[in-house]
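A closer look at the structure
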Amino acid sequence: MIKKQVVVSNSVGLHARPATYFIQRANDFQSSIWVEMDDCRVNAKSLLGVLSMGIIQGNTITIMADGEDEEEAIAGLLEVLNG
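Below: a short report on this structure.

Cut-offs and rules
Counting of residues starts from 1 at the beginning of each chain's written sequence and follows it residue by residue. Predicted model: local features are reported for residues with pLDDT of at least 70 only, side-chain atom pairs are reported and counted for 80 or more only, and whole-chain, interface and lining totals are derived from all residues. Only hydrogens and water are set aside when side-chain values are computed; all heavy atoms of the structure are taken into account. For this document, the term salt bridge refers to a Lys or Arg side-chain nitrogen within 4 Å of an Asp or Glu carboxyl oxygen. Relative accessibility decides the category of a residue: with a 1.4 Å probe and only protein chains considered, values under 20% of the type maximum give buried, values over 50% give exposed, and everything between is partly exposed. Two strands qualify as a pair provided DSSP detects at least 2 bridges between them. Counting from the N terminus, the helices are DSSP H or I runs at least four residues long and the strands are E runs at least two residues long. Axis definition: a line fitted to C-alpha atoms, limited for helices to the stretch in contact. Angles are taken between N-to-C directions and run from 0 to 180 degrees. Should any heavy atoms of two residues lie within 4.5 Å, those residues are counted as being in contact. Positive charges are assigned to Lys and Arg, negative charges to Asp and Glu, while His and the chain termini are left out of the count. Counted as a polar contact is a pair of N or O atoms within 3.5 Å, where, for protein atoms, one must be capable of donating a hydrogen and the other of accepting one, and residues adjacent in sequence contribute only when both atoms are in side chains.

1. Things to note about the pattern of salt bridges
- In the structure shown here, the tally under the stated rule is two salt bridges.
- Residues Arg25 and Asp28 are paired through a salt bridge, measuring 3.1 Å at the closest nitrogen-oxygen approach.
- According to the relative accessible area criterion, Arg25 is partly exposed, its value standing at 27%.

2. Brief notes about the pairing of strand S3 (residues 40-43)
- As paired elements, strand S2 (residues 32-37) and S3 share four bridges and run antiparallel to each other. Along S3, the bridge assignment pairs Trp34 with Asn43.
- From the end of S2 to the start of S3, which pair antiparallel, there are two residues, and Asp38 there has a positive phi angle of about 55°.

3. Points about the sheet that holds S2
- The sheet built from four strands is open, its strands ordered S1-S4-S2-S3 with antiparallel pairing. Strand pairing shows two members of the sheet lacking a second neighbour, strand S1 (2-7) and S3, which therefore form its edges. Averaged over all pairs of adjacent strands, the angle between their axes in this sheet comes to 25°, without regard to strand direction.
- This element, helix H3 (residues 70-81), spans S1, S2 and strand S4 (60-66) of the sheet and lies at about 150° to S4.

4. Side note on the side chain of Asp69
- In this fold, Asp69 is placed in the loop between S4 and H3.
- With no salt bridge to any partner, buried Asp69 finds its closest opposite charge in Lys45, at an N-O distance of 6.9 Å.
- Among the polar contacts made by the side chain of Asp69, one reaches the side chain of Ser31 at a distance of 2.5 Å.
- Not counting the four nearest positions on each side in its chain, Asp69 is found in contact with Phe29, Gln30 and Ser31.

5. Considerations on the environment of Glu71
- Looking at the secondary structure, you find Glu71 in helix H3.
- Here Glu71 falls in the exposed class, since its relative accessible area comes to 59%.
- Sequence separation of Glu71 and Leu47 is 24 residues, and the distance between their C-alpha atoms is 22 Å.

6. Quick word on the environment of Gly76
- Of note, Gly76 is situated in helix H3.
- Considered as a pair, Gly76 and Asp28 are 48 residues apart in the sequence and their alpha carbons are 9.2 Å apart.
- Those residues in contact with Gly76 that lie beyond four places of it in its chain are Arg25 and Phe29.

7. Some points on the environment of His15
- Considering the arrangement of structural elements, one finds His15 in the loop between S1 and helix H1 (16-26).
- Separated by 39 residues in the primary sequence, His15 and Gly54 place their C-alpha atoms 7.3 Å from one another.
- The residues touching His15, leaving out its near neighbours within four places in the chain, are Leu51, Gly54, Ile55 and Ile56.
- Polar contacts involving the side chain of His15 include one to the main-chain carbonyl oxygen of Ile55, which spans 3.0 Å.

Right, here's the structure in full:
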């Protein structure tokens, strides 16, 4: 399992369209992927889960991946978050 903390820099956070791009990218990977903020952990492949976290600009989130392509998954999702 790989974990990576990141500060969300997108001006609208992970709402609507940015969250959709994030989920679509997460679904490109076989690994199980989660997003964690504070005490809440959700499946990164679930739009409802990610939107329910209310992630805004400046929040620090942890992305976790576990599986064959976990390194590629983390790198791909960081690419989406960093624009």
